Amino acid sequence: MTDRSILFSGPMVRALLDGRKTQTRRMLKPQPDDILEGQIPRQLRTASSDRLWVKESWWIATMYSYGTTPGGCEICPPPLAHRKRDPVHYDADGNPPNVGNRTYGPDGLRGGSFAAPDPYAVWLKKPSIHMPRWASRLTLIVTDVRVQRLQDISEADAIAEGIERHHSGWMPYSTAFYEADGVTPANYHPDPRESYRSLWNKINGFGAWESNPWIACYSFRVIKQNIDQIEKVAA
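Residues numbered from 1 in each chain as written. Predicted model: local features only at pLDDT ≥ 70, side-chain atom pairs only at ≥ 80, totals over all residues. Heavy atoms only, no water.

(A) How the structure looks around the sheet that holds strand β6 (residues 122-126). Pairing in this open sheet of 3 strands is antiparallel, and the strands run β5-β4-β6 from one edge to the other. Sheet topology places β5 (88-90) and β6 at the edges, where each strand pairs with a single neighbour. Direction aside, the axes of adjacent strands within the sheet are offset by 30° on average. (Pairing = 2+ DSSP bridges. Helix = DSSP H or I, 4+ residues; strand = E, 2+ residues; numbered from the N terminus. Axes fitted to C-alpha atoms, helices over the stretch in contact; angles between N-to-C directions.)

Dropping the structure here:
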């Protein structure tokens, strides 16, 4: 069993939390020349027992300094100085709370900045790539790995990717991807596979679906808990 990190966007994180997403597809790199039916590349043969800890966009409350020098100058926190005791907020849940504090007064901040509760000063937004393992709140237990061409996805698998039914059609991850492939709220895809196609092209670029690459399809169950907390509970 191997523990690995995996990046998800905000809409995908919400689909995980809602229980709508139980699969994810990732392009094989490098692309193989050909794969026989049922063949699993060597690097994926043990992946069905892997655990994946989810990286997502996040906010961390920080002070203006980490103390002072002997001469009295403030020490600014390094860009990636994340401390486990500092409050964390997940971007997929919306903006962090903008609370009054002794630095900014009772009304907090304006213009897209957010004051943090004392003794902190502000919330700083961090990209998913910079999320440390201790801050992750979602763990995926891989139950199956398949290798296939991208366009071989079935309707059922497209729905397992998080595609949602909206009125008479389907949309990828609700309204978050309305702009994908020219889709508007009044123009849903009639087929969940078509909805997933628009999502894939939005994420990977125009023509990415049409190139029909080899992908690894991971099926998993979602545990709404930090990967290291799971071990503590089990113990």
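Continuing now.
(B) Here's a closer look at the pattern of salt bridges. Applying the stated rule across the entire model yields 16 salt bridges. Notably, a salt bridge pairs Asp228 with Arg133, separated by 2.7 Å at the nearest N-O pair. Residue Asp228 is located in helix α4 (residues 227-234), and its partner Arg133 is located in the loop between β6 and β7 (139-149); the two are separated by 95 residues in the primary sequence. Residue class for Arg133 comes out partly exposed when judged on its relative accessible area of 26%. Residues participating in the shared-partner salt-bridge network are Lys21, Arg25, Asp144, Arg146, Asp157 and Glu161. (Salt bridge = Lys/Arg side-chain N within 4 Å of Asp/Glu carboxyl O. Buried < 20%, exposed > 50% of the residue type's maximum accessible area, 1.4 Å probe, protein only.)

(C) Quick look at helix α3 (residues 192-204). Spanning 13 residues, α3 covers 18 Å between terminal C-alpha atoms, matching the ideal 18 Å at 1.5 Å per step. The residue sitting at the N-terminus of α3 and contributing the capping side-chain oxygen is Asp191; that oxygen lies 2.7 Å from the backbone nitrogen of Arg193. Gly205 sits one or two positions beyond α3 and adopts a positive phi of about 105°. (Expected span 1.5 Å × (residues − 1). Polar contact = N/O pair within 3.5 Å; in protein donor to acceptor, adjacent residues only side chain to side chain.)

(D) Layout of unusual backbone geometry. Following Lys29, the chain continues into Pro30 via a peptide bond in cis, with omega recorded as -5°. Note on placement: Pro30 falls in the loop between β2 (23-27) and β3 (51-55). Note the cis peptide between Asp118 and Pro119, where omega equals 5°. Mapped onto the elements of the fold, Pro119 is located in the loop between β5 and β6. With a phi angle near 50°, Asn212 is a residue other than glycine that sits in the positive phi range. Here Asn212 lies in the loop between α3 and β10 (214-223). Look at Asn212 and you get buried, because its relative accessible area is 19%.

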